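Fold and contact review
One letter stands for each residue in the lines below.
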Amino acid sequence: MSTHLTILGFNSAIPTVNSAPTAQLLEMEERHFLIDCGEGTQVQLRKAKSRFSKINHIFISHLHGDHCFGLPGLIASFRLLGRETPMHIYGPKGIAEMLETIFRLTETHRGFEIIYHELSSKQSEKIYEDERVEVFTIPLKHRIYCNGYLFREKQKPRHLNIKEIIKYPEIETCDYHNLKLGKDFILKDGYVLKNEVLTTEPTKSVSYAFCSDTRYSEEIIPIIQNVDVLYHEATFLHDLSEMAQHTGHSTALEAARIARKAQVRKLILGHFSNRYQDLSVFTDEARKIFAETYLPQQLIPVQIG
């Protein structure tokens, strides 16, 4: 099972004919995570041919409209599509009040439960975990409370070395689980078969970090260290660094500095100001210090790892 990222939208503030506001769909270990939900996200999901029913967890970075105004419409569509399973929504304190007020005033009847996970901590914290995946917040520095999100696959089981295993009739199928977990096998005569003989290295676990609106902040580096793919906003080029600082944003050069210092494998830029028509100027600037920098490819799934 591979991990795929589909960028549904990457524009800042105002939608354009060719780009939608921020929204991403991350498929990791058969989980479908929606990250931010700008205006028109449900249309982008349809264009990406994504199955709405598989989305059970939505992560919202902050309550600026270009990152959350698509939520009410998406939730209303879930009801019309007959959804019955609960939906988990993670976001800043206030997101429940915002959505519930809209639902009340518009008399929107959901037909399914929404479980809100409101966030207020300014420290990184684990907010989701199951047997395969864990998710952490990445505290960002924007004009209002804002989090990025770090998605990590847990360590995967080791692969069985069947050619070696069949040499020992004492090893039964019921023992395979423990072998995959890395445990040695003790024969009846007391001899210990080392796990590294009976198994091979597991498939590498992958990680993805989403950093939406933020000023340049080296405080996030320990959190995102060595991730496979980092998405980091780059609203401006560096000649407008003062404007970036004032508005709570980053430049392409600053995003590249973060990627280099965190030793990530790949950097994807996004959240570009509408003042730029040719987006290649962003990679031109960033690649001066971090070669593995790329522009987002809207609606085209990208494999991570």
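Preceding this section is the structure that the text describes.
Remember, it's a predicted structure, so these values are computed and weren't measured experimentally.

Cut-offs and rules
Residues numbered from 1 in each chain as written. Predicted model: local features only at pLDDT ≥ 70, side-chain atom pairs only at ≥ 80, totals over all residues. Heavy atoms only, no water. Helix = DSSP H or I, 4+ residues; strand = E, 2+ residues; numbered from the N terminus. Buried < 20%, exposed > 50% of the residue type's maximum accessible area, 1.4 Å probe, protein only. Contact = heavy atoms within 4.5 Å. Areas by Shrake-Rupley, 256 points an atom, 1.4 Å probe, with all protein chains shown as cover. Lys, Arg positive; Asp, Glu negative; His and termini not counted. Charge placed at Lys NZ, Arg CZ, Asp CG, Glu CD. Disulfide = S-S within 2.5 Å. Core = buried A, V, L, I, M, F, W, Y, C linked by side-chain atoms within 4.5 Å. Pairing = 2+ DSSP bridges. Axes fitted to C-alpha atoms, helices over the stretch in contact; angles between N-to-C directions. Parallel < 35°, antiparallel > 145°, perpendicular 65-115°, else oblique. Left-handed = near helix turned anticlockwise from the far one by under 90°. Nonpolar A, V, L, I, M, F, W, Y, C, P; charged D, E, K, R; others polar.

1. Things to note about the overall build of the chain
Helix and strand counts for the chain come out as 11 helices and 18 strands. Expressed as lengths along the three principal axes of its C-alpha atoms, the size of the chain is roughly 75 × 50 × 35 Å. Scored against the burial criterion, the 305 residues of the chain give a buried share of 50%. The contacts of the chain with a sequence gap of at least 6 include a subset with a gap of at least 24, amounting to 65%. Carbon and sulfur atoms form 50% of the exposed surface of the chain, whose accessible area is close to 14800 Å². When the 36 positive and 38 negative side-chain charges of the chain are each reduced to one mean point, those points stand 2 Å apart.

2. Some thoughts on the state of the cysteines
This structure, assessed with the given rule, holds zero disulfides. Cysteine Cys 37 shares no disulfide, and the gap to the nearest cysteine sulfur, in Cys 68, comes to 8.5 Å. Note on Cys 37: relative accessible area 0%, which makes it buried. Looking at the unpaired Cys 146, the closest cysteine sulfur is the one in Cys 211, lying at 9.1 Å. Cys 146 gets classed as buried once you look at its relative accessible area, which sits at 2%.

3. Overview of unusual backbone geometry
Phi is mostly negative for residues that are not glycine, and the peptide bonds are mostly trans. Despite not being glycine, Asp 36 shows a phi value in the positive range, around 60 degrees. With respect to the helices and strands, Asp 36 occurs in strand β3 (residues 31-37).

4. Brief notes about the nonpolar core
Leu 26, Tyr 149, Phe 151, Tyr 208, Ile 224, Leu 230 and Leu 269 are the most contacted members of the largest nonpolar core, which has 53 residues in total. If you look at the next biggest cluster of nonpolar residues, it comprises 22 residues, including Leu 8, Ile 60, Cys 68 and Met 87.

5. Here we look at the pairing of strand β15 (residues 229-233)
In terms of residue burial, β15 counts as a mostly covered element, since five of its five residues are buried. Burial along β15 is two-sided: the residues Val 229, Tyr 231 and Glu 233 and Leu 230 and His 232 are all buried. Where strand β14 (residues 207-211) meets β15, four bridges bridge the pair, whose relative direction is parallel. By the bridge assignment for β15, Tyr 208 is matched with Val 229. The pairing of β15 with strand β16 (residues 266-270) spans five bridges and is parallel. When the sheet's bridge partners are listed, Tyr 231 is paired in β16 with Ile 268.

6. Details of the sheet that holds strand β6 (residues 114-119)
Ordered by their spatial adjacency, seven strands build an open sheet running β6-β5-β4-β3-β2-β1-β18, and the pairing between neighbours is mixed. What marks the edges here is a single partner per strand, and that holds for β6 and β18 (302-304). Across the sheet, the mean angle from the axis of one strand to that of its neighbour is 20 degrees, orientation sign disregarded. Summarising the sheet, strand β1 (residues 3-9) and β18 pair through three bridges and their orientation is antiparallel. Following the sheet pairing, Thr 3 is matched in β18 by Ile 304. On top of the sheet, helix α4 (residues 95-105) reaches β5 (87-92) and β6; it is set at about 145 degrees to β6, its chief contact.

7. Re the packing of helix α3 (residues 71-80) against α4
At their nearest, the axes of α3 and α4 sit 10 Å apart, and the two run at 60 degrees to each other. Taken together, α3 and α4 sit at an angle that is classed as oblique. By crossing handedness, the relation of α3 to α4 is classed as right-handed. For the pair formed by α3 and α4, the contact residues are Leu 71, Pro 72 and Ile 75 on the first element and Ile 95, Leu 99, Ile 102 and Phe 103 on the second. Class assignment of the residues belonging to the contact of α3 with α4 gives a composition of seven nonpolar, no polar and no charged.

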